[in-house]
Amino acid sequence: MTAITSTYADFERLREQAVALRREGLSRRQIRDRLHVDNNDILNRLLEGEPPPDWTKRPNAKDDLREKARELRLKGLTYDQIQLELGCSKSSISLWVRDLPKPPKRTREQASLIAKRGWEATMQRREVERQRTRHTATQEIGAMSDRELFLLGVGLYWSEGSKTKPHRPQERMTFINSDPHMLKVFLAWLKLLGVGRDRLRYAVHIHETANVSAAERFWADVAGVDVADLSKTTLKKHNPKTNRKNVGDGYHGCLTVRILQSAELYRRVEGWWYGIVGAALKSDARNRT
C-alpha cells in the first residue's frame, strides 16, 4: 500500500468525511478542494466503492445502444445478430456485453441466415447503383444510324452466327441465341440488308422438361410471326445427373433463325468483318504513333 504522508495520517476520519461529501452529491474536484487532498491515489482510496453522482456523468450517445446490446445479448443473440440489429461495431459490442453469458452455439442454418441478412442491404445498394449506371449508359447511345446498325450486325453475326469450317465448308447463315433483344437486333439488321421475311425460317430449341408451348409463343412474338410459322421445335433430352439452372418461367430456350439462299450474303458478311478488322487495326496503329 502506498505510504500515507503525515498530512493524511488520520485516514479513516478523512475517508468518513470524503464518503459523506460524496453521498451529498459532490464531485471529486469539490471533495478534493474541500478536504485539501492533492494526491489522486489517496483520493481514489478515500472514495473507493462510492459511485459518482449522476450529475457528474458525461452524456454518452452510445448509452442507449449499450443497454439495447445487453438486452439482446441476454435474449441469446450473437455478436453478429446484435450488429445487424443495432448497426454498431463488434468491438463495441464485445466491450458492452463480455461479462454476460454466451448464447448457445448457432446452427449452420442460423449462420447462413445471418450472413444472408448481412448482405441484403449491401446487395440492395449495389442494385440501385447498377440500375443507375445502366440507365446512364443507355442514354449515352442515343439514336443509331444505318451505318452503325450495319457494323453492329456484322460483328454480332460473326460472334454468334454459324461460320464455315475446314471440316465443314458450308456457306449458310444461321443465328441462334437465347437473348430476345439480341434476336431483335439481328432481325433489324437483316431488314436493313434487304433480306425478306420469306427467306427466314425460325425454330425453337428447348429442354424437354420446360413449357414448350409457352416458349413457342414467346419466340413467335419476338420474331413477329405466328406460332404456326415456326418450324418443328427441337427438344433437348433430360439428363438426371445435370443440375440445371435455366428453369422457371424465365426460361424460354433459344431461337434459331436460318436464312435461305444465303451463300452470297455469307461471303459478303465475311468480307465486311475482315474489313472492320483491318480498319480497326489501322486506327489503333495511328493512335499508337
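Residues numbered from 1 in each chain as written. Predicted model: local features only at pLDDT ≥ 70, side-chain atom pairs only at ≥ 80, totals over all residues. Heavy atoms only, no water.

(A) View of the overall build of the chain. Of the regular secondary structure elements, the chain holds 11 helices and four strands. The C-alpha atoms of the chain give a radius of gyration of 39 Å, which is well past the 19 Å a tight globule of 289 residues would have. Principal-axis analysis of the C-alpha atoms places the extent of the chain at approximately 115 × 60 × 35 Å. Out of the 289 residues in the chain, the part that is buried amounts to 28%. Counting only contacts in the chain whose residues sit at least 6 apart along the sequence, the fraction spanning at least 24 positions is 71%. Accessible surface, the chain as shown: approximately 20,600 Å² in total, 51% of it carbon and sulfur. (Helix = DSSP H or I, 4+ residues; strand = E, 2+ residues; numbered from the N terminus. Rg over C-alpha atoms; globule rule 2.2 N^0.38 Å. Buried < 20%, exposed > 50% of the residue type's maximum accessible area, 1.4 Å probe, protein only. Contact = heavy atoms within 4.5 Å. Areas by Shrake-Rupley, 256 points an atom, 1.4 Å probe, with all protein chains shown as cover.)

(B) Just the sheet that holds strand 4 (residues 254-259), in detail. Pairing in this open sheet of four strands is mixed, and the strands run 1-4-2-3 from one edge to the other. Looking along the sheet, the strands with just one partner apiece sit at the ends: strand 1 (173-177) and strand 3 (234-236). This sheet shows a mean twist of 20° between the axes of neighbouring strands, independent of strand direction. Summarising the sheet, strand 2 (residues 200-207) and strand 4 pair through six bridges and their orientation is antiparallel. By the bridge assignment for strand 4, Tyr-202 is matched with Val-257. (Pairing = 2+ DSSP bridges. Axes fitted to C-alpha atoms, helices over the stretch in contact; angles between N-to-C directions.)

(C) Representation of the packing of helix 1 (residues 11-23) against helix 2 (residues 28-35) in the model. Contact pair helix 1 / helix 2: the axes reach a minimum separation of 10 Å and the direction vectors enclose 140°. By the angle class used here, helix 1 and helix 2 are oblique. The interaxial crossing formed by helix 1 with helix 2 has right-handed handedness. For the pair formed by helix 1 and helix 2, the contact residues are Leu-14, Gln-17, Ala-18, Leu-21 and Arg-22 on the first element and Arg-28, Ile-31, Arg-34 and Leu-35 on the second. When its residues are assigned to classes, the contact of helix 1 with helix 2 shows five nonpolar, one polar and three charged. (Parallel < 35°, antiparallel > 145°, perpendicular 65-115°, else oblique. Left-handed = near helix turned anticlockwise from the far one by under 90°. Nonpolar A, V, L, I, M, F, W, Y, C, P; charged D, E, K, R; others polar.)

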